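Okay, here's what each chain looks like letter by letter:
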2 protein chains.
Amino acid sequence: MNTKHALSVTFDDVLAARDRISPHINHPPQLRLPALCDIFGIDVVLQCENLQQTGSFKFRGASNAMELLLPDQRSRGVITYSSGNHAQAIARAAQIRNTAATVVMPDNAPAVKVAGVRRAGATIVQYNPATEDRESICNQIARDTGKTVIPPYNHPHVIAGQGTAALELIENAGSFDAILAPCGGGGLLSGTAISTKSLLPHCKVYGVEPSQADDAARSFATRTLCSVHHPQTIADGARTPSLGEHTFPVVMELVDGFYTVTEPQIAHAMRMLIEMCKLVVEPTGAVSLAGLIAQRAHWQGKRVGIVVSGGNVDLAKLPEYFALADQYRET
Amino acid sequence: MNTKHALSVTFDDVLAARDRISPHINHPPQLRLPALCDIFGIDVVLQCENLQQTGSFKFRGASNAMELLLPDQRSRGVITYSSGNHAQAIARAAQIRNTAATVVMPDNAPAVKVAGVRRAGATIVQYNPATEDRESICNQIARDTGKTVIPPYNHPHVIAGQGTAALELIENAGSFDAILAPCGGGGLLSGTAISTKSLLPHCKVYGVEPSQADDAARSFATRTLCSVHHPQTIADGARTPSLGEHTFPVVMELVDGFYTVTEPQIAHAMRMLIEMCKLVVEPTGAVSLAGLIAQRAHWQGKRVGIVVSGGNVDLAKLPEYFALADQYRET
């Protein structure tokens, strides 16, 4: 694009977020496994956000948003909607600040995630996803109670927090030819693009999506906000219907492109991270590696950073995921 | 003890091993997870050797022994006996040096470990563990072929290599009040004690063993080499019958004591590392954390290093291990 639009989040916001959240978060390792690099002929470095507190990068954005609350907002409490990692991140970020948190969750949310939110002391409001809209329930409660809404991705404070992952990756592991991040609502991808393009202007940034939930890839290609409805992908973190008003412009301006991956490709990359790299990852956490494997010919001999977004997987489902991985065929 | 005996391995040997193997091995992270520290009120740092090449610390000792071969030894090849992690480590360390490796393995070895050895291009000689002795088979082949035997733990070059794990832990993570390592044949524990007592003389070193395979704990207590036969523990890396002539003196001289842990305690610690810390670990890899949990009252408020020894677990067995973890009761 020839004209630069004013984006909601700048690299200065990411730097400020880092100073703000650094004492509260984990600083997961940047992992370079020679065996993995040898297989693909690519110098792969993993940013292990599965080792982040609450098991995903979401704790970064949640922590930044919590730190930026005004004292009276903090005392009235926060509310969010999410069935997954953002819910756990908000619950825990609120808990350690003695702030009350309410989470609007679907009544069919995985038991393990409900338990995680409950363990962090948050109040759970259940709704029926077939008949009710989570955002309107959340906003209604916020109006009635004065609680502050911290949405899962479409918020500048959240995006700035997510940008600290790529910031740590680059500061600790050096230069890259490309950095790949999974894309759901685009919070992580936006933050990754902001940090990367500021620190390494030559470095490419790609979003990776399940082909069954390719709304962002289509939005990027058509320059129009597209959405998907009830996408059927094992990568539950990428089931978000669309990018948001804050993330879409960042993606359009700073991201170089999108890769889409099939379900067997995701499961195959997931099995590789678990069996070979010894990292517990959830399906969404393997999406960016799946994208790299799909495009490995293009990145031969290059150095590529991979954001492993999270590790909150239901281990009882591993046999199911591994059966899916068996359907993977090298392309 | 008042009199210092001359041990087979010194800290200088560990430092030399580090220089020798450093370019060839992974340098796994030292992981401090605040949530884990909070639970026990102990500042716990994990040395993640499950992220080492071939999935365990064994690659350190194997690499050091391989580097120290004379040219003609290297050209004649190496041989070892092991059903598990040492076999895979030798196979891979030989492969990357274009050296032929033979591994004597029981005919009931786990398929996943046989596959790992085969993938690294080693020759496998199977034997019947009920009727045959693996060491004599190994030594016979070595005599017939001129191959050099690299035993799994009872060898100064192997012990010196294993000592580099604690060396990295201390150099990267700083001072500790105690460091805990699992104990099978004592190679890792000996190396850990040598590095720790040289760098941090005040720091305690404890070996941790399954109570069903407590030969080293009994050897330490009685000052006499004790052994166990066919111990029934899920921690297959600790099923070794006894310490060896090189490891026993080091353990007697430098280790401060032993903790023993039950099978449910091992499975409970294993589940914690997998579910909470998002690390894929094998049962033996969780043994030292199990020891710390069992002794948590004693280490309250202290800083303790935990060597997570390996991650080569048969994932199909997770439900079985987790069922065992359900039997864990807090003491």
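Look up a bit, the structure's there.
Since this is a predicted model, take the numbers as computed values, not measurements. Here the residue numbering is sequential within each chain, running from 1 through the sequence in written order. Written order determines the labels here, with chains lettered from A and ligands numbered from 1. A pLDDT threshold of at least 70 governs which residues receive local features in this predicted model, and a stricter bar of 80 or more applies before side-chain atom pairs are shown or counted, although totals over entire chains, interfaces and linings include all residues. Water and hydrogen atoms were dropped before computing side-chain values, which therefore reflect all heavy atoms in the structure.

Draft legend 1. Layout of the sheet that holds strand β6 (residues 148-149) of chain B. All names here are of chain B. Two strands are said to pair when DSSP picks up at least two bridges between them. Only runs of H or I of at least four residues qualify as helices and only runs of E of at least two qualify as strands under DSSP, and these elements are numbered from the N terminus. Taken together, four strands build an open sheet; the order of strands is β5-β4-β3-β6 and the sheet is parallel. Single-partner strands in this sheet number two, and they are β5 (123-127) and β6. Relative to β6, strand β3 (residues 78-81) runs parallel, the two being bridged by two bridges. When the bridges of β6 are listed, Val78 appears paired with Thr148. Relative to the sheet, helix α5 (residues 85-95) contacts β3 and β4 (101-106), its axis offset from that of β3 by approximately 170°. Contacts: residue pairs with any heavy atoms within 4.5 Å of one another. Note on method: axes are straight lines fitted to C-alpha atoms, helices fitted across the in-contact stretch only, with angles between N-to-C directions ranging 0 to 180 degrees. Packing of helix α6 (residues 111-119) onto the sheet brings it into contact with β4 and β5, and relative to β4 it is tilted by some 170°.

Draft legend 2. A look at the relation of the copies chain A and chain B. With an RMSD of 0.0 Å, the operation that places chain A on chain B is a rotation of 180° combined with a shift of 0.0 Å along the axis. Both chain copies can therefore be described as sitting about a two-fold axis. No C-alpha of chain A lies nearer the rotation axis than that of A:Leu279, which sits 2.6 Å from it. Residue by residue, 100% of the interface of chain A is reproduced at the interface of chain B, so both copies engage with the same surface. Residues reaching a pLDDT of at least 70 in both copies supply the C-alpha atoms on which the copies are superposed by least squares.

Draft legend 3. Up close: the nonpolar core. As used in this record, nonpolar core signifies buried Ala, Val, Leu, Ile, Met, Phe, Trp, Tyr and Cys residues forming a set joined through side-chain atoms within 4.5 Å. The buried label goes to any residue with under 20% of its type's maximum accessible area, the exposed label to any with over 50%, and the partly exposed label to all in between, with areas taken from a 1.4 Å probe on protein chains only. Counting 96 residues, the largest nonpolar core has A:Leu46 and B:Leu46 as its most contacted members. Excluding residues that lie within four positions of it along the chain, B:Leu46 makes contacts with B:Pro29, B:Gln30, B:Leu31, B:Leu36, B:Leu273, B:Cys277, B:Leu279, B:Ile306 and B:Val308. Counting residues in hydrophobic clusters, the runner-up holds 34 residues, among them B:Ala173, B:Leu189, B:Val251 and B:Phe258.

Draft legend 4. Broad picture of the environment of B:Gln30. All names here are of chain B. Mapped onto the elements of the fold, Gln30 is located in strand β1 (residues 30-31). Counting along the chain gives 138 residues from Gln30 to Glu168, while the straight-line C-alpha distance between them is 8.5 Å. Not counting chain neighbours up to four residues away, the residues in contact with Gln30 comprise Val45, Leu46, Gln47, Glu168, Leu169, Asn172 and Ala173. Separated by 3.3 Å, the side chains of Gln30 and Asn172 make a polar contact. Think of a polar contact as two N or O atoms within 3.5 Å of one another; within protein, one of them needs to be a possible hydrogen donor and the other a possible acceptor, and neighboring residues in sequence only count if both atoms come from side chains.

Draft legend 5. Representation of the interface of chain A and chain B within the structure. Facing the 23 residues of chain A at the interface are 23 residues of chain B. When chain A packs against chain B, the two sides together hide about 1,600 Å² of surface, and 69% of this comes from carbon and sulfur. Salt bridge criterion: a side-chain nitrogen from Lys or Arg within 4 Å of a carboxyl oxygen from Asp or Glu. On the surface where chain A and chain B come into contact, there are two salt bridges. Across the pair A:Asp38 and B:Arg92 runs a salt bridge whose closest N-O atoms are separated by 3.5 Å. Between the two partners, chain A and chain B, sit seven residue pairs in polar contact (both at pLDDT 80 or more). At the level of secondary structure, the elements contributing two or more residues to the side of chain A that touches chain B comprise α2 (34-40), α12 (263-276) and α15 (318-325) of chain A. Considered class by class, the residues forming the side of chain A that touches chain B number 12 nonpolar, six polar and five charged. Note on definitions: buried area is the accessible-area loss of two parts on being combined, 1.4 Å probe, summed for both. Under the scheme applied here, ten amino acids are nonpolar (Ala, Val, Leu, Ile, Met, Phe, Trp, Tyr, Cys and Pro), four are charged (Asp, Glu, Lys and Arg), and all others, including Gly, are polar.

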